[in-house]
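# Observations on the three-dimensional arrangement
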Amino acid sequence: MRLYAQTPARRTRQLVADLIALLLIAATVTFALTVRQAILTLAEPGRKAQSAGDSLASSLDRAGDAASKVPLVGNSLKAPLKSAADSGTALSDAGQSLQDTVGHVATLTTLALILFPTALIVVVWLVPRLLWMRRTATTRRLFGTPGGADLLALRALTGPQRPLTTIPTPPDGLADAWRRRDPDTIESLSALTLRQAGLRAG
């Protein structure tokens, strides 16, 4: 199968369409990553809470250990300090949980912002290209079969009328010339069909 047309005008349009599609996909990815970074900034309070919780728990643990060495009342002093240290650990866990949640949201949002627009671009750009490739392969194969040029000439006659004005018209008209299998007329008409598909006869 041919990736690009043989005719300059159609080939140029295809190349421009490819470039636009690639630029749109690149812009989509860039935008999605920018949004991801913006969302991840929401995790900053979680990081601060985790850091504060870890620091508080560590300090209270040390204070509890030191208080336990006080004669007679050491154990009584240690218990509330250890309990407060557990609260610091809970604060740290809450901060970590917030960071995890923000990270999941950022990942899902990034995937959605990349996949959905890219899928739309592919449908609008790639599907027509694939259909064109299949259609031109069929046209080229038909042209190479016995009587294929006649069929392509008939397609030109039954298609849009305006392109027919570019073909020299025999005295008895293009349709009559095709019916009597005039070789020059058939060649001109089949070449017209090929050009419309972005192909050349040679």
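Computed from a predicted structure; not experimentally measured.

To continue, consider the overall build of the chain. The helix and strand inventory of the chain stands at 6 helices and 0 strands. Out of the 202 residues belonging to the chain, those deemed buried represent 28%. A total accessible area of about 12600 Å² is found for the chain, and carbon and sulfur atoms account for 67% of it.

Quick look at the pattern of salt bridges now. This structure, assessed with the given rule, holds 4 salt bridges. Residues Asp176 and Arg179 are paired through a salt bridge, measuring 2.2 Å at the closest nitrogen-oxygen approach. Residue Asp176 and its partner Arg179 are located together in helix α5 (residues 174–179), separated by 3 residues, close to a single helical turn. The class of Asp176 is partly exposed, set by a relative accessible area of 32%. Two residues, Arg180 and Asp182, come together in a salt bridge whose shortest N-O distance is 3.8 Å. Among the residues examined, Arg180 registers a relative accessible area of 47% and is labelled partly exposed.

Looking now at the confidence of the model for the chain. Counting all residues, the mean pLDDT for the chain is 81, and 81% of those residues have values of 70 or more. For the chain, the element scoring lowest by mean pLDDT is helix α2 (residues 44–67), at 67; helix α1 (residues 8–40) scores highest, at 92.

For the rest of this paragraph, the subject is the environment of Leu108. Among the structural elements, Leu108 can be located in helix α3 (residues 74–143). For the pair Leu108 and Arg36, spaced 72 residues apart in sequence, the C-alpha separation works out to 9.3 Å.

Unusually for a residue other than glycine, Arg181 sits at a positive phi of about 60°. Residue placement: Arg181 occurs in the loop between α5 and α6 (183–196).

Another aspect to go through is the nonpolar core. Counting 9 residues, the largest nonpolar core is built from Ala153, Ala156, Leu157, Leu164, Ile167, Leu174, Ile186, Leu189 and Leu192. Put simply, the parts of the chain that give this core at least two residues each are α4 (148–158) and α6. Not counting chain neighbours up to four residues away, the residues in contact with Ala156 comprise Leu164, Leu189, Leu192 and Thr193.

About the cut-offs
- Residues numbered from 1 in each chain as written.
- Predicted model: local features only at pLDDT ≥ 70, side-chain atom pairs only at ≥ 80, totals over all residues.
- Heavy atoms only, no water.
- Helix = DSSP H or I, 4+ residues; strand = E, 2+ residues; numbered from the N terminus.
- Buried < 20%, exposed > 50% of the residue type's maximum accessible area, 1.4 Å probe, protein only.
- Areas by Shrake-Rupley, 256 points an atom, 1.4 Å probe, with all protein chains shown as cover.
- Salt bridge = Lys/Arg side-chain N within 4 Å of Asp/Glu carboxyl O.
- pLDDT = per-residue confidence, 0-100.
- Core = buried A, V, L, I, M, F, W, Y, C linked by side-chain atoms within 4.5 Å.
- Contact = heavy atoms within 4.5 Å.

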